[in-house]
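Summary of the model geometry
Letter by letter, the chains look like this.
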Amino acid sequence: MKEQAAAAAGRFKVGGDIEVNRLGFGAMRVTGAGVWGPPADRAEAIRTLRRLPDLGVDFIDTADSYGPGISEELIREALHPYDGLLIATKGGLERPGPNQWGPNGRPDYLRQCVQGSLRRLGVERIDLWQLHRIDPNVPRAEQFAAIQEMRQAGLIRHVGLSQASIEEIAAAERFFPVATVQNRYNLVDRSSEAVLDRCAEKGVGFIPWYPLAAGDLAKPGSVLADLAKKRKATPSQLALAWMLKRSPVMLPIPGTGNAKHLEENVAAAAIELADADFRALDEQGRKAGQRAA
């Protein structure tokens with residue numbers, strides 16, 4: 001496929017000073033089953049990661065809990081020293097086993113997360129570090145203060161939040177500028193619509209996780225399926241194209257451990273949806289979300 005294809009998605013400045021192509025990559029799936037341990041095909045995972053710069057994907061999102069540690073280690077092996085790339089990572093979740101996640105926002109644990117990511121990624125500063133979850137069992141001011149201290153110490157350049165409400169974002173902004181918010185969002189799940197609108201108003205990057213969940217929308221006879229057939233594209237590609245058109249601060253990060261699937265995802269950057277098609281998908285997605293609720 002066309003080299004630097006992700007550039008067709010347009011550009012966005014994370015934190016106002018790190019410019020990236022808006023179609024990024026989520027590195028959760030370069031790990032084993034249950035986001036635990038090494039990938040089943042390690043060589044293919046490395047090949048997929050090394051393909052990213054060629055395709056113009058310069059925004060890569062990972063977390064210390066992916067593996068745990070495996071995703072960050074593979075990223076370093078494949079891409080260090082990251083010339084022209086923004087490697088974003090997250091911390092604040094513990095992993096007792098496959099498919100098990102639990103928040104830990106104790107300041108000492110958050111510092112441990114950052115130090116571990118610095119070591120595994122082989123960097124002296126993390127350009128975008130995100131609090132994976134705000135721990136409800138630890139006063140959030142203590143969590144935010146610990147992050148503020150690490151930012152002031154030069155360990156973190158920009159800070160993001162994950163699965164945060166508007167009120168929580170505002171509370172965090174009393175300690176540091178919030179550069180990005182990573183919430184679950186897709187054609188069907190619009191529960192973070194108000195958060196996305198606030199991000200757009202403030203120029204904050206919005207990173208939708210689980211961006212390709214289309215569910216019944218992709219079934220034969222649906223608007224999405226019919227439009228995909230018409231455009232000779234996949235439903236997933238159109239779902240990504242819809243998100244890119246939805247807001248200029250949208251930074252989708254579809255993930256995969258397969259290079260061919262990566263190329264398919266990146267091809268979505270070049271798909272331009274007509275306004276009528278965008279509205280039709282938007283309406284169908286909202287209706288499907290209401291039925292699911």
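Residues numbered from 1 in each chain as written. Predicted model: local features only at pLDDT ≥ 70, side-chain atom pairs only at ≥ 80, totals over all residues. Heavy atoms only, no water.

Attention shifts here to the packing of aromatic side chains. Scanning the model with the defined rule gives 6 aromatic pairs in all. Among the aromatic residues, ring-to-ring pairing joins Y185, F206, W242 and F278 into one connected group. The lysine or arginine in question, R95, covers the ring of W101, its NZ or CZ lying 3.8 Å from the ring centre. (Phe/Tyr/Trp six-rings, centres within 6.5 Å; stacked < 30°, edge-to-face > 60°. Lys NZ or Arg CZ within 6 Å of the ring centre and 35° of its normal.)

Along the chain, F59 falls in strand β4 (residues 59-61). Ignoring any residue separated from it by four or fewer positions in sequence, one finds F59 in contact with V20, N21, G24, F25, L86, A88, L128, I207, L251 and I253. (Helix = DSSP H or I, 4+ residues; strand = E, 2+ residues; numbered from the N terminus. Contact = heavy atoms within 4.5 Å.)

As a further point, take the sheet that holds strand β8 (residues 126-131). Strand order in the open sheet formed by 7 strands is β3-β4-β5-β8-β9-β10-β11, with parallel pairing between adjacent strands. At either end of the open sheet lies a strand with only one pairing partner, and these are β3 (25-26) and β11 (205-209). Where β3 lies against β4, 2 bridges are found, and the strand directions are parallel. The residue of β4 that forms the bridge with F25 is I60. Contacting β8 and β9 (156-162), helix α4 (residues 140-152) runs over the sheet at an angle of about 155° to β9. In this fold helix α6 (residues 193-202) packs onto β10 (178-184) and β11, with an angle of close to 150° to the strand it touches most, β11. (Pairing = 2+ DSSP bridges. Axes fitted to C-alpha atoms, helices over the stretch in contact; angles between N-to-C directions.)

A few words on the packing of helix α1 (residues 42-51) against helix α2 (residues 70-79). How two helices pack is summed up by the angle between their axes together with the distance between the axes. At their nearest, the axes of α1 and α2 sit 9 Å apart, and the two run at 60° to each other. Between α1 and α2, the angle is such that the two are oblique. When you trace α1 past α2, the crossing you get is right-handed. For the pair formed by α1 and α2, the contact residues are R42, A45, I46, L49 and R50 on the first element and L74, I75, E77, A78 and L79 on the second. Tallied by class, residues from the contact of α1 with α2 come to 7 nonpolar, no polar and 3 charged. (Parallel < 35°, antiparallel > 145°, perpendicular 65-115°, else oblique. Left-handed = near helix turned anticlockwise from the far one by under 90°. Nonpolar A, V, L, I, M, F, W, Y, C, P; charged D, E, K, R; others polar.)

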